[in-house]
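Given next are the chains, with one letter for each unit.
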Amino acid sequence: MDLLFASGSKRDVTSLGESAIKDLAIQDILEAISGNERDIIILKEIISSIPKDIRDSVYRQEIMKDFLASDEFTDDMDNALGLIKTLKDYGSSRTMMRQNDSTLYTLLENLRELSVYVEVIEKLYSCLDKYEVKAKGLCDLRDNLKQVIEDDKFEEAKADIEMILEDLSCVRSANVGVTFTPDMNIDEVKVVDFVPYKIKSKYKFAEIAAEISNIMNASNQNIGGPKPMVNTKVVDPLLVAMAPVIEKHLKRHFVRMKSVMSKYVNMDSSSMIQMYEGLVFYINLARFGRRIVSEGEKITFPELPAYAVDDFGRVPSEKCTFEINDLYNVRLLISQEKNIVKNDFSFKPSENLFILTGPNRGGKTIIEQALGIISLLAAAGCYVTASKCKGVPFSNILTHFPIDENLTINYGRLGEEAVRIKEIVGEADSRTLILFNETYSTTSAEDGLYLSKDLLRVLKEKGSAVIFNTHIHEVARSIEEMNKWNGESKFVSLIMEIVNNENTFKVKRSEPDSCSYAMNIARKYGITYEQMKGKES
């Protein structure tokens, strides 16, 4: 069962480009969410795949709320996740095991897989039944698991597993007689007695049995047999020496095991495995959300309009607004910034083109990133870093941030920008958020103004949402002219506020004030006339 897409979903997504992933610092955020490399890869794939059907976002959000509501539920599901990972590992090697000549060990692997399958079903159902989950996805999962558990075949499988394990459990320990060579290498295992009681040893019979397949495969390879598809690296020579004797013991149970396990040869654990990535997503994001709250910051679930959508889960363009109150960039929390400044922001069809100006280090890039991250998390069905959020997150996010100069060697800086901008314009549509950061800043002011206006004009006609962060203040001063161009949306001039020559990191509507920005920078670096004359400290 899939926990990432609603029943009947077409699973249609937009893949976030590598440039946007880099510019939004997604990798840094994921590394703060989880320290597990495998989990980070899974989280990156999920978060960077933006669902086009908003009903999938709502479906995930409901599940995320259940995980966020209870530490105990998250921990119990995490325990079940470990079993599902074991199933996933079995599933990935199942074909390889069946290519092995050793039918006995294929049966042993199938027995272990069946045992884990039964255990994970019972554990998941117990967890979902214990806690009052509300999400439709989790309720459906609970009901499906209940049907499986109540089926006679499930009880039969449990009984068969117990019978086989009891049959094998007569072996508790083994007494080993070993002959060594003069240089203390193992020469021969002379005596192996299996006993029904425990003796003190570093080995457990089950652990030894789990290695026999690899050992015997290694033996087959040495005598010209088929090359094994499983790992044949053996590090313990004692196990190698014991392998033939243990194999002889296990074959006593072969006929009975084969008869029992043949009933489950078509067992399919894929439905359980399918949930693995989704559970990794919910468990990690729930724990990270609780961490944010514990550090005194707010999170909220966006109000997503799942009603009035078409057959593809799309909201009519005239209703596509996206409003956020008290938003902040989660990267500030990760870097342990104190007194994080919050801002309000809203996009709507009649007003989604913003020219953003302000001083260096005044917060322009931080707020651009925050808006991209929040839209991405909202689409993924997650909470966002704000006090309130409602509307429709963007179905695609494109970015144009400064690039490493070493990467511009083929085209030059302006040529590189031209290539990237052409790609962005080609991909943009009315549900795209585009974040520009100092685009055309390396050209002259006159050339930059000309190129910027051409770019903004075509995006206005496309209906894309744009934040154009620039030092070319003439762009913002041209808004009256630009608003006469074709396109529903109007341009708005935004600035990063300065009060008493200090950055407040607040966004406000205003025309750019070049003098105040220059004065702010001059005072910061001590290059005003008074400072350089020594008349001002």
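Residues numbered from 1 in each chain as written. Predicted model: local features only at pLDDT ≥ 70, side-chain atom pairs only at ≥ 80, totals over all residues. Heavy atoms only, no water.

Chemist: Honestly, helix α15 (residues 364-379) in this entry has me stumped. Any pointers?
Modeler: Owing to its 3.6 residues per turn, the α-helix brings residues three or four apart onto one side. Taking 1.5 Å of rise per residue, 16 residues should cover 22 Å, and α15 covers 23 Å from first to last C-alpha, within 8% of that figure. Of all 16 residues that make up α15, 14 are buried, and the element is covered over most of its length. After α15 finishes, the residue Gly-381 shows a positive phi value of roughly 85°. (Helix = DSSP H or I, 4+ residues; strand = E, 2+ residues; numbered from the N terminus. Expected span 1.5 Å × (residues − 1). Buried < 20%, exposed > 50% of the residue type's maximum accessible area, 1.4 Å probe, protein only.)

Chemist: Just to check I follow, could you spell out unusual backbone geometry for this structure?
Modeler: Trans is the prevailing form of peptide bonds, just as negative phi is the prevailing case for residues other than glycine. One non-glycine residue, Ala-25, lies in the positive phi region at around 55°. Tracing the sequence through the fold places Ala-25 in the loop between α1 (18-23) and α2 (26-33).

Chemist: What is the right way to look at the nonpolar core in this model?
Modeler: Among soluble globular proteins, nonpolar side chains are generally buried collectively. Ranked by internal contacts, the top residues of the largest apolar core, which has 108 residues, are Phe-67, Phe-281, Phe-347 and Tyr-383. If you tally residues by element for this core, the top one is helix α6 (residues 103-130), at eleven residues. When sequence neighbours within four positions are dropped, the list of residues in contact with Phe-67 reads Phe-73, Thr-74, Met-77, Leu-138, Leu-279, Tyr-282, Ile-283, Ala-286 and Arg-290. Within the second largest apolar cluster, 23 residues are counted, among which are Leu-353, Leu-398, Ile-472 and Trp-485. (Core = buried A, V, L, I, M, F, W, Y, C linked by side-chain atoms within 4.5 Å. Contact = heavy atoms within 4.5 Å.)

Chemist: Just checking my understanding: could you explain the pattern of salt bridges for this structure?
Modeler: If the charged atoms of two oppositely charged side chains come close together, the side chains can form a pair. Counted by the stated rule, this structure contains 19 salt bridges. The salt bridge involving Asp-71 is made with Arg-290; its shortest N-O contact spans 2.3 Å. Separated by 219 residues along the polypeptide, Asp-71 in helix α5 (residues 71-98) and Arg-290 in helix α13 (residues 276-294) bring together distant segments of the chain. The partner of Lys-88 in a salt bridge is Glu-277, with the nearest N and O atoms 3.1 Å apart. Taken together, the residues Lys-88 in helix α5 and Glu-277 in helix α13 connect sequence positions 189 residues apart. (Salt bridge = Lys/Arg side-chain N within 4 Å of Asp/Glu carboxyl O.)

Chemist: Honestly, the side chain of Ser-493 in this entry has me stumped. Any pointers?
Modeler: Mapped onto the fold, Ser-493 is located in strand β12 (residues 491-499). Side-chain polar atoms of Ser-493 contact the backbone oxygen of Ser-510, separated by 2.6 Å. If sequence neighbours within four positions are ignored, Ser-493 has contacts with Ile-355, Ala-476, Ile-479, Lys-508, Arg-509, Ser-510, Glu-511 and Pro-512. (Polar contact = N/O pair within 3.5 Å; in protein donor to acceptor, adjacent residues only side chain to side chain.)

Chemist: Could you clarify how one ought to interpret the packing of helix α3 (residues 37-47) against α13 in this entry?
Modeler: Each pair of packed helices can be summarised by the angle the axes make with each other and by the distance between the axes. The interhelical angle for the contact between α3 and α13, taken along N-to-C directions, is 95°, at an axis separation of 9 Å. Comparing their axes, α13 and α3 come out roughly perpendicular. The segment α3 lies against α13, with Arg-38, Asp-39, Ile-42, Leu-43, Ile-46 and Ile-47 engaging Tyr-276, Glu-277, Val-280, Phe-281, Asn-284 and Leu-285. (Axes fitted to C-alpha atoms, helices over the stretch in contact; angles between N-to-C directions. Parallel < 35°, antiparallel > 145°, perpendicular 65-115°, else oblique.)

Chemist: What is the right way to read α3 from this model?
Modeler: Turning to α3, its buried residues are Asp-39, Ile-40, Ile-42, Leu-43, Ile-46 and Ile-47. The buried side chains of α3 occupy one side of the element, clustering within an arc of 165° when seen end-on. Facing away from the buried surface of α3 by more than 90 degrees, the exposed residues are Glu-37, Ile-41 and Glu-45. Of the surrounding secondary structure, the elements contacted by the buried residues of α3 are α2, β2 (49-51), α4 (54-69), α13 and α15. (Arc of directions from axis to C-beta.)

Chemist: In this structure, what is going on with the confidence of the model for the protein chain? I would like to understand it.
Modeler: If pLDDT is low for a region, its predicted coordinates should not be looked at in detail. Confidence in the prediction of the protein chain, expressed as mean pLDDT, is 82, and 73% of residues score 70 or more. A low-confidence stretch, residues 223-235 stays under pLDDT 50, and its non-local contacts, those more than four residues away or across chains, total 18 contacts. Every residue in residues 405-411 scores below 50 in pLDDT, and together they form six contacts with partners more than four places removed in sequence or on other chains. (pLDDT = per-residue confidence, 0-100.)

Chemist: For this particular structure, what's the right way to read the packing of aromatic side chains?
Modeler: Describing an aromatic ring pair means giving the distance of the ring centres and the angle of the ring planes. Taken as a whole and assessed by the stated rule, the structure comprises twelve aromatic pairs. Where Phe-345 meets Phe-347, the ring centres are 5.2 Å apart and the plane angle is 40°; that geometry is what we call tilted. Residue Phe-345 is classed as buried on the basis of its relative accessible area of 9%. The class of Phe-347 is buried, set by a relative accessible area of 3%. With centroids separated by 4.9 Å and ring planes inclined at 70°, the aromatic side chains of Phe-345 and Phe-354 adopt a geometry described as edge-to-face. As far as burial versus exposure is concerned, Phe-345 and Phe-354 are alike and both buried. Members of the aromatic cluster, joined through ring pairs, are Phe-67, Phe-73, Tyr-131, Phe-281 and Tyr-282. The ring of Phe-5 is capped by Arg-60, whose NZ or CZ atom sits 5.0 Å from the centre of that ring. (Phe/Tyr/Trp six-rings, centres within 6.5 Å; stacked < 30°, edge-to-face > 60°. Lys NZ or Arg CZ within 6 Å of the ring centre and 35° of its normal.)

Chemist: For this particular structure, what's the right way to read the pairing of strand β9 (residues 396-400)?
Modeler: Moving residue by residue along a regular strand, the side chains alternate between the two faces of the sheet. Here β9 lies mainly inside the structure; five of its five residues are buried. Burial along β9 is two-sided: Asn-396, Leu-398 and His-400 and Ile-397 and Thr-399, pointing in opposite directions, are all buried. Pairing of β9 with strand β10 (residues 432-437), which is carried by five bridges, proceeds in the parallel orientation. When the sheet's bridge partners are listed, Leu-398 is paired in β10 with Ile-434. (Pairing = 2+ DSSP bridges.)

Chemist: What is the right way to look at the environment of Ile-47 in this model?
Modeler: Take Ile-47: it is sitting in helix α3. Residue classification places Ile-47 among the buried residues on the basis of a relative accessible area of 4%. Taking C-alpha positions, Ile-47 is 7.0 Å from Leu-376, a pair spaced 329 residues apart along the chain. When near neighbours in sequence (up to four residues on either side) are disregarded, Ile-47 contacts Leu-30, Phe-281, Leu-376 and Leu-377.

Chemist: Please explain the sheet that holds strand β8 (residues 388-391) as it appears in this structure.
Modeler: Remark on secondary structure: sheet strands pair via backbone hydrogen bonds, oriented parallel or antiparallel. Read across the sheet, three strands follow the order β6-β5-β8 without closing on themselves; strand pairing throughout is antiparallel. The outermost strands of the open sheet, each flanked by one partner alone, are β6 (343-347) and β8. Between one strand axis and the next, the sheet turns through 5° on average, direction left out of account. Where strand β5 (residues 322-327) lies against β8, four bridges are found, and the strand directions are antiparallel. Paired with Asn-325 across the two strands is Lys-388, which belongs to β8. On the sheet, α15 packs against β5 and β6 and is oriented at approximately 120° with respect to β5.

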